[in-house]
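Listed below are the residues making up each chain.
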Amino acid sequence: MAEEDLKGQFHDTLIISEFQGSFPEVPTFKDVDIQELTDGEAKPVFVTLPIGKANVTSGNRRYYDEAFLQELERQVKAGKPVGLMGHLASDQRSFAFPAEAVHWVGTMRVKEYLLGKGFLPPGESRSRLQRYRATSSKIATSIDASCDGIWDENLKIHRMVSETLRLNQIDIAPADRAGIADLAAVPLLTREMAEQGGIIVVRTQGAKKMTEEEKAQAIREMKATDAASLPAEVKAALISEFTADIRKSLGLGDGDIMTEVKKIQERDAERERQAITARIVEISSTGDKAVKVESIREMVVELVESKAPKTVAEVDTIYAEVLNRPSVKKALQLELQETMGPSQTTPTQSQSSTTTGSAPGMKGTWFVLPATKP
């Protein structure tokens with residue numbers, strides 16, 4: 001039985017997987033007056049967090065596609081929404097107006113993610129996030145908006161319709177209440193100052209040093225496409241270790257590995273050539289397919305070699321094709337006739353007398369020649 005389509009107000013916490021290393025620097029929207037926003041604070045604090053992801057399904061079966069994420073980014077740029085620490089209770093929406101925890105003033109797309117940059121006003125919210133950062137605790141961002149969703153019976157999900165999105169807030173939420181519970185992010189906090197209309201990062205709190213277990217997990221999750229982003233010294237170490245394994249498995253010395261491998265290839269190629277030659281000699285001179293006449297056998301061998309068989313298995317196939325050639329068949333037949341000599345006929349024995357007459361059962365006249373006296 002199909003579920004009804006979603007209509008109206010909804011909250012959904014989208015917790016995005018933790019980035020390896022640190023977040024990139026997200027630019028501030030050009031129409032934001034940082035000096036006025038921060039009230040001239042010498043070192044205002046900003047937070048960077050993922051605020052959305054394309055092609056993801058939340059725990060309550062809402063699906064957000066690429067079009068939804070693009071519309072979300074457009075509305076963040078246009079409206080520069082605020083956010084609370086947690087959602088406003090539904091029974092307070094008509095009158096409550098709590099102090100904002102964050103003002104979203106920048107976005108950046110990183111592959112399928114949408115990063116948001118928010119200003120944290122002085123107060124408890126800033127302090128709380130600083131404590132999250134200090135302890136590497138993960139938090140979430142949560143959309144407060146109205147949007148319609150169409151139920152997809154085959155996939156058992158609500159596909160959110162981007163054209164109906166009306167964004168209210170992007171709140172900060174605890175990770176344990178996330179729609180996607182196994183994905184989380186540690187916030188990146190930066191302290192910035194206004195100077196000549198631009199933003200200069202004067203201190204960035206980078207990611208806390210990973211434990212050995214976290215490093216191992218990160219390595220296990222790496223894909224081949226991630227190799228380009230590895231530091232040069234890591235690439236060099238991997239190449240060195242891989243090269244050592246090759247030397248050990250192939251029994252190579254300490255010389256240049258490419259030279260050693262080339263020698264092995266040349267040695268194997270020579271062994272293959274010798275095996276091919278031996279097989280040509282064997283099949284042409286022994287067994288039921290051998291060519292007995294030496295002159296013809298030499299011709300057959302030359303024809304097989306001219307086809308340059310690359311493997312021993314190819315020799316048998318090419319040899320059969322050569323023997324089946326009309327010219328080779330004819331040569332074998334002529335050589336056979338020459339060896340056996342001309343065809344023999346039965347001589348006629350002379351009779352010693354001549355007699356004429358007829359015999360019973362025989363028609364016509366028959367003769368018996370008389371014997372010749374010496």
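Residues numbered from 1 in each chain as written. Predicted model: local features only at pLDDT ≥ 70, side-chain atom pairs only at ≥ 80, totals over all residues. Heavy atoms only, no water.

Draft legend 1. Structural view of the overall build of the chain. On a plain count of helices and strands, the chain comes out with 9 helices and 13 strands. Within the chain, buried positions represent 32% of all 374 residues. The contacts of the chain with a sequence gap of at least 6 include a subset with a gap of at least 24, amounting to 67%. Accessible surface computed for the chain: about 23,900 Å², of which carbon and sulfur atoms make up 53%. (Helix = DSSP H or I, 4+ residues; strand = E, 2+ residues; numbered from the N terminus. Buried < 20%, exposed > 50% of the residue type's maximum accessible area, 1.4 Å probe, protein only. Contact = heavy atoms within 4.5 Å. Areas by Shrake-Rupley, 256 points an atom, 1.4 Å probe, with all protein chains shown as cover.)

Draft legend 2. Geometry of the sheet that holds strand β3 (residues 56–57). Within the open sheet, the 4 strands sit side by side as β3-β4-β10-β9. Their pairing is mixed. Two strands bound the open sheet, and with one partner strand each, they are β3 and β9 (149–152). When strand β4 (residues 62–64) meets strand β10 (residues 157–160), the two strands line up parallel, connected through 2 bridges. The residue of β10 that forms the bridge with Arg 62 is His 158. (Pairing = 2+ DSSP bridges.)

Draft legend 3. Examining the pairing of β9 more closely. One ladder, built from 4 bridges, connects β9 with β10; its direction is antiparallel. Bridge assignment links Trp 151 to a residue of β10, and that residue is His 158. Between β9 and β10, which follow one another and run antiparallel, lie 4 residues, and Lys 156 among them has a positive phi close to 60°.

Draft legend 4. Just the environment of Pro 309, in detail. Mapped onto the fold, Pro 309 is located in the loop between α7 (294–306) and α8 (312–323). Overall, the relative accessible area of 10% leaves Pro 309 in the buried class. Residues Pro 309 and Ile 280 lie 29 residues apart in sequence; the distance between their C-alpha atoms is 9.9 Å. Apart from residues lying up to four places away in sequence, Pro 309 is in contact with Ile 276, Val 304, Glu 314, Val 315 and Ile 318.

Draft legend 5. Structural context of the nonpolar core. Counting residues in hydrophobic clusters, the biggest one holds 31 residues, and the most contacted among them are Phe 68, Leu 72, Val 76, Leu 167 and Ile 170. Take this core: its biggest share by element is 5 residues, from strand β2 (residues 45–53). Those residues in contact with Leu 72, other than ones at most four positions away along the chain, are Ile 51, Gly 52, Leu 114, Ile 143, Leu 165, Leu 167 and Ile 170. Among the nonpolar cores identified, the runner-up in size contains 13 residues, and Val 315, Ile 318, Tyr 319 and Val 322 belong to it. (Core = buried A, V, L, I, M, F, W, Y, C linked by side-chain atoms within 4.5 Å.)

Draft legend 6. Examining the pattern of salt bridges more closely. Tallying each qualifying case throughout the model produces 12 salt bridges. A salt bridge links Arg 74 to Glu 71, with the nearest nitrogen and oxygen atoms 2.7 Å apart. You can see Arg 74 and its partner Glu 71 sitting in helix α2 (residues 66–79), 3 residues apart, about one turn around the helix. Accessibility expressed as a relative area gives 48% for Arg 74, which makes it partly exposed. For Glu 71, a relative accessible area of 17% translates into the label buried. A salt bridge links Lys 156 to Glu 153; the nearest nitrogen and oxygen atoms lie 2.2 Å apart. Using a relative accessible area of 39% as the deciding quantity, one classes Lys 156 as partly exposed. It is possible to trace a salt-bridge network through shared partners that takes in Arg 279, Glu 282 and Asp 316. (Salt bridge = Lys/Arg side-chain N within 4 Å of Asp/Glu carboxyl O.)

Draft legend 7. Inspection of the packing of helix α6 (residues 257–285) against α8 at higher detail. At their nearest, the axes of α6 and α8 sit 9 Å apart, and the two run at 35° to each other. In this structure, α6 meets α8 at a crossing whose hand is right-handed. Contact with α6, carried on its side by Glu 272, Ala 275, Ile 276, Arg 279, Ile 280, Ile 283 and Ser 284, involves Val 312, Val 315, Asp 316 and Tyr 319 of α8 and no other residues of that element. Residue composition of the contact of α6 with α8, by class: 7 nonpolar, 1 polar and 3 charged. (Axes fitted to C-alpha atoms, helices over the stretch in contact; angles between N-to-C directions. Left-handed = near helix turned anticlockwise from the far one by under 90°. Nonpolar A, V, L, I, M, F, W, Y, C, P; charged D, E, K, R; others polar.)

Draft legend 8. Highlighting a negative patch on the surface. On the surface, a cluster of negative charge is contributed by Glu 294, Glu 298, Glu 302 and Glu 305. Among the secondary structure elements, Glu 294 is positioned in helix α7. (Patch = residues over 30% accessible without salt bridge, like charges linked within 9 Å, V, L, I, M, F, W, Y side chains within 5 Å. Lys, Arg positive; Asp, Glu negative; His and termini not counted. Charge placed at Lys NZ, Arg CZ, Asp CG, Glu CD.)

Draft legend 9. Seen up close, the confidence of the model for the chain. Across the chain, the average pLDDT comes to 77, with 72% of residues at 70 or higher. The least confident element of the chain, judged by mean pLDDT, is strand β13 (residues 198–205) at 33; the most confident is α2 at 95. Segment residues 15–21: pLDDT under 50, and 31 contacts once partners within four positions in sequence are set aside and those in other chains are kept. Across residues 361–369, confidence stays below pLDDT 50; counting only partners more than four residues off in sequence or on other chains, it has 21 contacts. (pLDDT = per-residue confidence, 0-100.)

Draft legend 10. Region of the structure containing the packing of α6 against α7. It is the contact of α6 with α7, at a shortest axis distance of 10 Å, that shows an interaxial angle of 145°. Between α6 and α7 the crossing geometry is right-handed. Packed against α6, whose contacting residues are Ile 280, Ser 284 and Ser 285, the element α7 presents Arg 297, Val 301, Val 304 and Glu 305 at the interface. Taken together, the residues that form the contact of α6 with α7 break down as 3 nonpolar, 2 polar and 2 charged.

Draft legend 11. Examining the packing of aromatic side chains more closely. In total, this model carries 2 aromatic pairs according to the counting rule given. Measuring from centroid to centroid gives 5.5 Å for Phe 46 and Phe 119, while their planes differ by 55°, and the two rings are tilted. Taken together, the residues span a long stretch of sequence, with Phe 46 in strand β2 and Phe 119 in strand β7 (residues 113–120) at a distance of 73 residues. Residue classification places Phe 46 among the buried positions, given a relative accessible area of 0%. Looking at Phe 119, the relative accessible area reads 3%, which means it is buried. We note Lys 117 situated over the ring of Phe 46; from NZ or CZ to the ring centre the distance is 5.1 Å. (Phe/Tyr/Trp six-rings, centres within 6.5 Å; stacked < 30°, edge-to-face > 60°. Lys NZ or Arg CZ within 6 Å of the ring centre and 35° of its normal.)

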